[in-house]
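Fold and contact review
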Amino acid sequence: MSLNIKETTKKRVVIVGAGFAGLSLARKLAKSEFEVVLLDRYNYHQFQPLFYQVAMAGLEPSAISFPLRKVFQKSKNVIIRICELESIDTEKNEVHTSLGSLQYDHLVLSMGATTNFFGNEELEKNALTMKSTEDALYLRNKILLDYESALLTADYDKRQGYIDIVIVGGGATGVELAGALAEMRNFILPKDYKELDNSEVDIYLIQSGEKLLQGMSEKSSRKALEFLQKIGVEVLLNTRVTSVDGEYVKTNTDKSIRAKKVIWAAGITCRTIEGLRSDCYCRGNRIAVDRSHLIKGYKNVYALGDLAFMEEEKYPNGHPQVAQVAIQQARNLAKILKGKSESPFSYKDLGSMATIGRNKAVVDLPSFSFTGFFAWIMWLIVHLASLIGVRNRFLVLFNWMWNYVTYDQSLRLIIRTKNRKAP
Ligand SMILES: Cc1cc2nc3c(=O)[nH]c(=O)nc-3n(C[C@H](O)[C@H](O)[C@H](O)COP(=O)(O)OP(=O)(O)OC[C@H]3O[C@@H](n4cnc5c(N)ncnc54)[C@H](O)[C@@H]3O)c2cc1C
C-alpha cells in the first residue's frame, strides 16, 4: 500500500486531522507556495457541536459533514488521503500511515481528542460516546430501537431499561443533549409512540461537580440548571457514576437507575503518538507547544487544537478545548509558515454558549452574559454561520424552521448497516 504522492520541489506541509484546526490551516495554505497533504481517517469534516442533533434525529449527518475533496476542488496544491496516522519518525521527517509513509518538511498534528473513560473498562464497553458522526447515528438507532422494544415489554422495570437515558457530564455536550432528549420525549414521543406513557421516560444528567457548565458564568450555569429542570430533566449534581453494566447505572450516592443507554460526556483525553518523545505530553495527554505552536524540542513538528497544550498568562492550564481555539491557532500557524507573523499566539475569547432546547440558551460574552430567547437566537446564528457550505447552512436552517413550526422532526429512520448486528 502506498500514499502514491510524487516527489516535489515545493516545501511539503503534512497535516494530520481535518477537524477545525487541520481544515482551517489547509484552507489558509491552499494556493500558497507549499504542497499541502491533508490526512484524515474520514473523507469529510465533521461539525461536532451539532452531533447531538443528528443523534436526536433533528438533522441528517450530511447537513453537518462536508466532503474534504469538495472544499479543495480548486486548490491544486492540496492533496488529500484517507488514512490513519500510525507513527511518526522525527529523525527522518516521515509519517507512517495505514496507506504507507511520506516525507514532510513541516508536520502539523491536529487529531483532536477522544473520550476519556479514566481507565474504566466496564464504562468503555457499556457507555455510548459522542465523538463522531458514526457515534451520533448509532445513538439515534439505539434510541429508536429501544423505544420499539419498550412497546413490546409489559414489565415496567424492564421497560424502564429501554426508555430511560442517563447522560454523564454536565458540560455543554451533556447539557445540550439532555435538553434535546427532553424535548424529544415531550413533543415527539406522544405522537410517534402513542402506546408508551411518556411520563415513564426519565432523562438523567449526572454531574460530579456542584454546578453545570463549569467554564461558564455563575448566571449561565444556574440558568441552565433551571431550564433543564423546567423541561423535566432530572439533574443530579455532586454525584459520581460508579458502575455502568449495560442494565443499571450506579452512583456513589447509592442510586441505581435502570438504563441501557448511558452517554458518557464526562471528559476527553488525547491519544499518544508513536514516535513523539514521551516528555512532550502533559495534562490530559495534550502535547506541550510553545507560542509558535511548535512541539517543545522539535523544529518542524507542530500541534494545534484540542491536542495542543499551550500556556498563556491568561490560560496557565492551557486553552479551553473548543473550536475557536483550534481555528485561531490554525490561522496563526498559517501566517507563521508563510513568514507573515513572528508574534506569539494569543487566544481571543469570543465567548461561549449552550442551548437547552427550544427558545432557551445561555450565552457568555467577554463583557456580559444573557440567557433565554435572544441567547437562543444568537446560538442559532453562530452555529449556522460556522457551518461549511451554503447547502449545509440552508439544510440546517430549513430543518430548524420546520422543527420549530411543527414541533416535529422528520428523520426518525432506523438505518442498520448490512453486516452489523443491531445495536
Ligand atoms: C459533541 C461535541 C460537542 C461540542 N460542542 C462544541 C461547541 O458547541 N462549541 C465549541 O467551540 N466546541 C465544541 N466542541 C469541541 C470542538 O468540537 C473541538 O474543540 C474541536 O473539534 C477541536 O478541533 P480539532 O481540530 O483540534 O479536532 P477535531 O475537530 O476533533 O478534528 C480531529 C480530526 O482528526 C482526525 N483524526 C483523529 N485521529 C486520527 C488519526 N490517527 N489519523 C487520521 N485522522 C485522525 C479526525 O477524524 C478528525 O477529523 C464539541 C465537541 C463535541 C465532541
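Keep in mind that this is a model prediction, so the values were computed, not measured.

1. Focus: the site of the ligand
As a matter of local geometry, the ligand sits amid 26 residues, with A21, D40, Q48, L85 and D306 nearest to it. Between Q48 and the ligand, the recorded distance is 2.8 Å, taken from a side-chain N or O atom to an oxygen atom. Within the side chain of D306, one N or O atom sits 2.8 Å away from an oxygen atom of the ligand. Starting from 1,000 Å² of accessible surface for the ligand in isolation, the protein chains cover 88%. Among the elements of the structure, α1 (20–29) and α9 (323–337) are those that each provide at least two residues to the shell around the ligand.

2. Side note on helix α11 (residues 390–406)
Helix length check: α11, at 17 residues, gives a terminal C-alpha distance of 24 Å against a target of 24 Å (1.5 Å per residue), a fit within 8%. Of the residues making up α11, those classed as buried are N392, V396, N399, W400 and N403. The buried residues of α11 occupy one face: seen down the axis, they fall within an arc of 95°. Turned more than 90 degrees away from the buried face of α11 sit V390, R391, F394 and V405, all of them exposed. Close packing links the buried residues of α11 with α2 (51–55), β4 (65–67) and α10 (373–386).

3. Let's talk about the domain arrangement of the chain
Entries for the chain in the domain assignment read domain 1 (12–113 + 270–337) and domain 2 (121–266). Each of domain 1 and domain 2 has a C-alpha centre, and the two are 32 Å apart. Opposite the 16 residues of domain 1 that make contact, domain 2 presents 15 residues. Between domain 1 and domain 2, roughly 1,400 Å² of surface is buried when both sides are summed, and carbon and sulfur atoms account for 62% of that area. Broken down residue by residue, the surface that domain 1 buries against domain 2 is led by F51, Y52 and M56, which jointly contribute 42%. On the surface where domain 1 and domain 2 come into contact, there are 1 salt bridge. One salt bridge connects E60 with R140, and the closest N-O pair in it is separated by 3.8 Å. When contributions to the side of domain 1 that touches domain 2 are tallied by element, the ones reaching two or more residues are β3 (44–46) and α2. Sorting elements by how many residues they give to the side of domain 1 that touches domain 2 places α2 first, with 4 residues.

4. Section: the pairing of strand β17 (residues 261–264)
Covered by surrounding structure in β17 are K261 and I263 together with V262 and W264, the residues of both alternating faces. Alignment of strand β11 (residues 165–168) against β17, held across 4 bridges, turns out to be parallel. Each bridged residue has a counterpart across the sheet, and for I167 the counterpart in β17 is I263.

5. Section: a positive patch on the surface
Taken together, R27, K28, R331, K335, K340 and R393 make up a surface patch of like positive charges. In this fold, K340 is placed in the loop between α9 and β22 (352–355). Overall, the relative accessible area of 62% leaves K340 in the exposed class.

6. What to know about the nonpolar core
By size, the foremost hydrophobic cluster in this structure holds 91 residues, and its most contacted members are L25, M56, F72, L181, L205, L228 and V233. It is helix α7 (residues 172–192) that provides the largest number of residues to this core, a total of 9 residues. Both domain 1 (12–113 + 270–337) and domain 2 (121–266) contribute no fewer than three residues apiece to this core. If you look at the next biggest cluster of nonpolar residues, it comprises 35 residues, including L99, L109, Y281 and Y347.

7. Quick notes on a nonpolar patch on the surface
Taken together, F373, F374, Y404 and V405 make up a surface patch of nonpolar side chains, about 440 Å² in accessible area. Secondary-structure elements contributing two or more residues to the nonpolar patch are α10 and α11.

8. A look at the sheet that holds strand β16 (residues 256–258)
One key point about sheets: their strands pair by backbone hydrogen bonds, in either a parallel or an antiparallel sense. On the basis of which strands lie adjacent, the open sheet formed by 3 strands has the order β14-β15-β16 and antiparallel pairing. Two strands close off the open sheet at either side, each with one partner strand: β14 (241–244) and β16. Averaged over all pairs of adjacent strands, the angle between their axes in this sheet comes to 20°, without regard to strand direction.

9. Some words on the side chain of T251
Tracing the backbone through its elements, the reader meets T251 in strand β15 (residues 248–251). Classification of T251 as buried rests on a relative accessible area of 4%. In this structure the side chain of T251 is engaged in a polar contact, spanning 2.7 Å, whose partner is the side chain of T253. Here T251 is in contact with I206, T239, R240, V241 and T242, once residues within four sequence places are set aside.

10. Some words on the packing of α10 against α11
One can describe the packing of α10 onto α11 by two numbers: an axis separation of 9 Å at closest approach and a directional angle of 150°. Overall, the two elements α10 and α11 adopt an arrangement that is roughly antiparallel. Judged by residue contacts, F373, W376, W379, L380, H383, L384 and A385 of α10 engage R393, V396, L397, W400 and Y404 from α11. Of the residues in the contact of α10 with α11, the class split is 10 nonpolar, 1 polar and 1 charged.

11. Quick word on the environment of T239
Here T239 is to be found in the loop between β13 (233–236) and β14. Counting along the chain gives 13 residues from T239 to N252, while the straight-line C-alpha distance between them is 6.5 Å. Contacts of T239, omitting those with residues within four sequence positions, involve I206, Q207, S208, T251, N252 and T253.

12. Describing the environment of D157
When you line up the elements, D157 lands in helix α6 (residues 156–163). Spatially, the C-alpha atom of D157 lies 7.5 Å from that of R258, the residues being 101 residues apart in sequence. Excluding its chain neighbours within four sequence positions, the residues that come into contact with D157 are Y248 and R258.

Analysis parameters
- Residues numbered from 1 in each chain as written.
- Predicted model: local features only at pLDDT ≥ 70, side-chain atom pairs only at ≥ 80, totals over all residues.
- Heavy atoms only, no water.
- Near = heavy atom within 4 Å.
- Polar contact = N/O pair within 3.5 Å; in protein donor to acceptor, adjacent residues only side chain to side chain.
- Areas by Shrake-Rupley, 256 points an atom, 1.4 Å probe, with all protein chains shown as cover.
- Helix = DSSP H or I, 4+ residues; strand = E, 2+ residues; numbered from the N terminus.
- Expected span 1.5 Å × (residues − 1).
- Buried < 20%, exposed > 50% of the residue type's maximum accessible area, 1.4 Å probe, protein only.
- Arc of directions from axis to C-beta.
- Contact = heavy atoms within 4.5 Å.
- Domains from an automatic or database assignment.
- Buried area = accessible area lost by both parts, 1.4 Å probe.
- Salt bridge = Lys/Arg side-chain N within 4 Å of Asp/Glu carboxyl O.
- Pairing = 2+ DSSP bridges.
- Patch = residues over 30% accessible without salt bridge, like charges linked within 9 Å, V, L, I, M, F, W, Y side chains within 5 Å.
- Lys, Arg positive; Asp, Glu negative; His and termini not counted.
- Charge placed at Lys NZ, Arg CZ, Asp CG, Glu CD.
- Core = buried A, V, L, I, M, F, W, Y, C linked by side-chain atoms within 4.5 Å.
- Axes fitted to C-alpha atoms, helices over the stretch in contact; angles between N-to-C directions.
- Parallel < 35°, antiparallel > 145°, perpendicular 65-115°, else oblique.
- Nonpolar A, V, L, I, M, F, W, Y, C, P; charged D, E, K, R; others polar.

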